[in-house]
Structures are given as structure tokens and as C-alpha cells.
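What follows is each chain in one-letter form.
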Amino acid sequence: LVQEWPAFSIHDMAKDTKFPLAKDAKMTVETLTKHLESFVTGSLKPHFKSEPIPKDEDVKANPIRTLVHDNFDAVAMDKEKDVLVEIYDPLCGYCRRIAPEYEELAKDVAKASDKFIIAKYDGTANDIPASLNFRLEHFPTFKLIKSGTNEVISYDGDLAYNNLAEFLELKAGHKIHLEPKAVAIAPVSQDTEGEHDDSE
């Protein structure tokens, strides 16, 4: 059996941060003791899981910006923009159901204003950024990072275009108006906190 990294890791439960032993370090009493001492003294830096930073995204072809852990703060904490982020699981049935409406929302927002970013963030492939300051409990989860203040506002309404559009109109720092759409399917409620749907 091939031993894969991390073979040893400290998990700070309060901050939800991980401190794995270096990939090339051998598991010895000396290295583990040094690792633990560095953690206790605060000199050990946490490790965050992140997909590669996307390059050359075609925003016109796909107006939903792809964020990963390593570029999240640089993009989402831009105080000039209102940033709506969907934290999703690729296998989540609710996530797949809202995807077409979320894409339509992104297209309409892009047409209406250049002061907004509509983004997606794979919560299974990236650790949750510390700047969001919350523990992920269900998919999808929507967060608005408000322009001007970087206030993080949680969305807990139904999973539908009209509800998300109204949320932006009411909570965003910049003004925007999106015409309501005819309802094609009944919106899905997010009242099953702590759960996610893996069905088709």
C-alpha cells in the first residue's frame, strides 16, 4: 500500500484549519515533535485545499466566474464589486437543478451592470475561505459579498431565478433591477439545512 500525503495532520477544529506534515517529511519522532511544537508556537502555516486558479476564462461565453480557494479573496473581496457566490457540489441534485437558472441570472446581471460578479465555487474540491467565516452545512450555499464593505450576507431563500434576483436587488451595494421571469418549475426550498440532494 502506497502511503499518500498527508499521512499526519493537525486539525484545528475551532478555526477549521489543517496543518499536514510536509509531503517529503519522514514520519519520525523528531519530525512529528517539531511539527507539533511549530503548531503550538503559532509558526506553522495551515494548508488549504484548492483547485488550480482558472486561466483565461471567457466571460462572454460563460458569465459565471469560477473561483477556487487560492483566488477567492483576490476576486470576491474586491470592494468595487458585489459578488454572489454559489458554493456547490457537482453531484448535488439541487445544485444541478438551479444551474440553468443561475446561468441565466449571470447573463442578465452581466447585461445590466458591470459592478457585479456571479460566481461558483466547488465546495468539495476547495476548502472554505476563512474570509467567509462560516462552516459549510449544505449544498448549494449562496453568499453575497457586498461592495463597499465586504460584508458577507447569507441567502436562505428558495432556489430560483426570481428569488435570487430579488435578493441582489435588496441586499447588494450597487443598484440593479432584473425583470421577473415566468416560473418554469416550482422553486426548491432550502429548509433542509444540513442535508443535500444527490438525486437527479
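Residues numbered from 1 in each chain as written. Predicted model: local features only at pLDDT ≥ 70, side-chain atom pairs only at ≥ 80, totals over all residues. Heavy atoms only, no water.

Examined against the element boundaries, His 35 turns out to sit in helix α1 (residues 29-41). With 13 residues separating them along the chain, His 35 and Ala 22 place their C-alpha atoms 9.2 Å apart. Filtering out sequence-adjacent residues up to four positions away, His 35 remains in contact with Phe 8, Ile 10, Phe 19, Pro 20, Leu 21 and Leu 44. (Helix = DSSP H or I, 4+ residues; strand = E, 2+ residues; numbered from the N terminus. Contact = heavy atoms within 4.5 Å.)

A separate point is the pattern of salt bridges. Taken as a whole and judged by the stated rule, the model has three salt bridges. We note a salt bridge from Glu 104 to Lys 181, for which the minimum N-O separation is 3.3 Å. Of the two residues, Glu 104 is situated in helix α3 (residues 93-112) and Lys 181 in the segment after α4 (161-171); the sequence distance between them amounts to 77 residues. The partly exposed category is assigned to Glu 104, whose relative accessible area is 33%. Residue classification places Lys 181 among the partly exposed positions, given a relative accessible area of 32%. Bridged by salt links that share partners, the residues Glu 104, Asp 108 and Lys 181 form one connected network. (Salt bridge = Lys/Arg side-chain N within 4 Å of Asp/Glu carboxyl O. Buried < 20%, exposed > 50% of the residue type's maximum accessible area, 1.4 Å probe, protein only.)

With that out of the way, let us pick up the sheet that holds strand β3 (residues 64-67). As summarised here, the arrangement of the five strands in space is β3-β5-β4-β6-β7, forming an open sheet in which the pairing is mixed. If you trace the sheet from one side to the other, it starts and ends with β3 and β7 (152-155), each paired once. Adjacent strand axes in the sheet meet at a mean angle of 30° when their direction is disregarded. Bridge count for strand β4 (residues 82-88) against strand β6 (residues 141-145) is five bridges, and the pairing is antiparallel. Following the sheet pairing, Glu 86 is matched in β6 by Phe 142. Along the sheet face, helix α2 (residues 69-76) touches β3, β4, β5 (116-122) and β6 and points at about 130° away from the line of β3. Packing against the sheet, α3 makes contact with β3, β4, β5 and β6, and its axis sits at approximately 165° to β4. (Pairing = 2+ DSSP bridges. Axes fitted to C-alpha atoms, helices over the stretch in contact; angles between N-to-C directions.)

Before going further, it helps to examine the confidence of the model for the protein chain. Of all residues in the protein chain, 88% have pLDDT values of 70 or greater, and the mean over the chain is 87. Confidence drops under pLDDT 50 across residues 192-200; counting only partners more than four residues distant or on other chains, this segment forms 23 contacts. (pLDDT = per-residue confidence, 0-100.)

Of all the positions in α4, only Tyr 161, Leu 164, Ala 165, Phe 167 and Leu 168 are classed as buried. Viewed along the axis of α4, the buried residues span an arc of 155°, placing them on a single side of the element. Each element contacted by the buried residues of α4 is listed here: β4, α3, β5, β6 and β7. (Arc of directions from axis to C-beta.)

Below, the discussion takes up the packing of α3 against α4. Taken N-terminus to C-terminus, the directions of α3 and α4 make an angle of 40°; their axes are 9 Å apart at the nearest point. Taken together, α3 and α4 sit at an angle that is classed as oblique. As α3 packs across α4, the resulting crossing turns out to be right-handed. When α3 is examined against α4, the residues Ile 98, Glu 101, Tyr 102, Glu 104, Leu 105, Asp 108 and Val 109 are found in contact with a partner set consisting of Tyr 161, Leu 164, Ala 165 and Leu 168. For the contact of α3 with α4, the residue count by class is eight nonpolar, no polar and three charged. (Parallel < 35°, antiparallel > 145°, perpendicular 65-115°, else oblique. Left-handed = near helix turned anticlockwise from the far one by under 90°. Nonpolar A, V, L, I, M, F, W, Y, C, P; charged D, E, K, R; others polar.)

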